[in-house]
Every structure is written in C-alpha cells, then in structure tokens.
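# Tertiary structure, described
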Amino acid sequence: MTEISVYKPAKKNDAKELSATTFFTTCTTAGVSIPIGKDDKTVIILHNGGTSDVEVTIERGDGLQGVNNLKVALTKDKYYVLSIDTGAFKHLTGAEKGNVVVKGECNIAVVEAI
C-alpha cells in the first residue's frame, strides 16, 4: 500500500505555492496509507477527476472506536474537504500502525496544520 506524504507548513504565517500535479496523490481501490498526527489539525482533500461519480472508503481503525467504515460519495470533477476523528479510523497495530487507510478511485492530499 502506498503511504502518501502529508503537507506540513514549515512555520506559521508562511505561504507555500502548491501544484495540483505534485500536491495530489492518486488513490486506487488498493488504497493509500496516511500517517496521521493530531486529528484536530489534519485535513484530507479528495478530488474526483474521473468521468463518473465514485465512492471512497475510509477504513475503520482497529481501536475501540473503530466500528464502521466511512463511505464518502464524490461527484465527478468536484473537490471535498474532510476532517476525521482519528480514534475511529487510525490503525493502532499491524502494518498500518499510526495510519488511516483510504480506498477508492480519486486524487487525495493531506494537510496538517502546525
């Protein structure tokens, strides 16, 4: 599974130019793994660049709060911003320890505020 990079600004009040071609990673049905820091500072950006609507799944974590997967419907050519409760989706053990797993056909980027 591909682990994606999380964009973290170097310091507060510092703007950095972004390019959509390097900022976004392609997510597939095989999934991507997102290393998660503090859940109240992490934002997931989803983009459906395909020709039809799709559904993306944020897999439930393996902790006590990990009860259900979260399914997000993405309309074609639209952007979505999502902040999740990591207690429900973060993996605490295994190969994906410390990560959240997202599966589905979309472009994905993750930003963590400082």
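Above: the structure in question.
Along each chain, the written sequence defines residue order, and numbers are assigned to residues from 1. Restriction of local features to residues with pLDDT of at least 70 applies here, the model being predicted, together with a cutoff of 80 or more for giving and counting side-chain atom pairs; totals for whole chains, interfaces and linings are based on all residues. Hydrogen atoms and water are omitted, and side-chain values are computed over all heavy atoms in the structure.

### Quick notes on the overall build of the chain
By definition, any uninterrupted DSSP run of H or I lasting at least four residues is a helix, any uninterrupted run of E lasting at least two residues is a strand, and each is numbered from the N terminus. Across its full length, the chain holds two helices and ten strands. For the chain, the sequential pattern of α-helices and β-strands runs β-β-α-β-β-β-β-β-β-α-β-β. The globule rule is 2.2 Å times the number of residues to the power 0.38, and the radius of gyration it is compared with is taken over C-alpha atoms. For 114 residues, the compact-globule estimate of 2.2 N^0.38 gives 13 Å, and the C-alpha radius of gyration of the chain, at 14 Å, lies within 12% of that figure. Counting only C-alpha atoms, the chain reaches 40 × 40 × 20 Å along its principal axes. With a 1.4 Å probe rolled over the protein chains alone, any residue whose accessible area is under 20% of its type maximum counts as buried; one over 50% counts as exposed, and the rest are partly exposed. Per-residue burial for the chain yields a buried fraction of 37% across its 114 residues.

### So, the nonpolar core
Here, the term nonpolar core denotes a set of buried Ala, Val, Leu, Ile, Met, Phe, Trp, Tyr and Cys residues that are joined through side-chain atoms within 4.5 Å. The biggest cluster of nonpolar side chains holds 21 residues, and the ones touching the most others in it are Ile34, Ile44, Ile58, Val102 and Ile108. Elements that contribute at least two residues to this core include exactly β4 (32-35), β5 (42-47), β6 (54-58), β7 (70-74), α2 (86-89), β9 (99-103) and β10 (106-112). The dominant element in this core, judged by the number of residues it contributes, is β10, at three residues. For Ile44, the residues in contact, after removing those within four places along its chain, are Ile34, Tyr80, Val81, Leu82, Ile84, Ile108, Ala109 and Val110. Residues Tyr7, Phe23, Phe24 and Ile45 belong to the second largest nonpolar core, which totals five residues. We call two residues contacting when some pair of their heavy atoms lies within 4.5 Å.

### What to know about the pairing of β9
Most of β9 is tucked away: four of the five residues are buried. Pairing between strands is defined by DSSP: at least two bridges between them are needed. Where β4 and β9 come together, four bridges link them in antiparallel fashion. Its bridge partner being in β9, Ile34 is matched across the sheet by Val100. In terms of strand pairing, β6 meets β9 through two bridges, oriented antiparallel. Bridging across to β9, Ile58 finds its partner in Val102.

### A short note on the sheet that holds β7
Read from one edge of the open sheet, five strands run β1-β4-β9-β6-β7, paired in mixed fashion. Two strands lie at the open edges of the sheet, namely β1 (2-3) and β7, each paired on one side alone. Bridging between β1 and β4 involves two bridges; their strand directions are parallel. The partner of Glu3 across the bridge, within β4, is Ser33.

### So, the pattern of salt bridges
The salt bridge criterion pairs a side-chain nitrogen of Lys or Arg with a carboxyl oxygen of Asp or Glu, the two atoms within 4 Å. Enumeration over the complete set of coordinates arrives at one salt bridge. Between Glu59 and Lys103 there is a salt bridge, with its nearest N and O atoms 3.2 Å apart. Taken together, the residues Glu59 in the loop between β6 and β7 and Lys103 in strand β9 connect sequence positions 44 residues apart. Given a relative accessible area of 21%, Glu59 falls into the partly exposed group. Residue Lys103 is classed as partly exposed on the basis of its relative accessible area of 28%.

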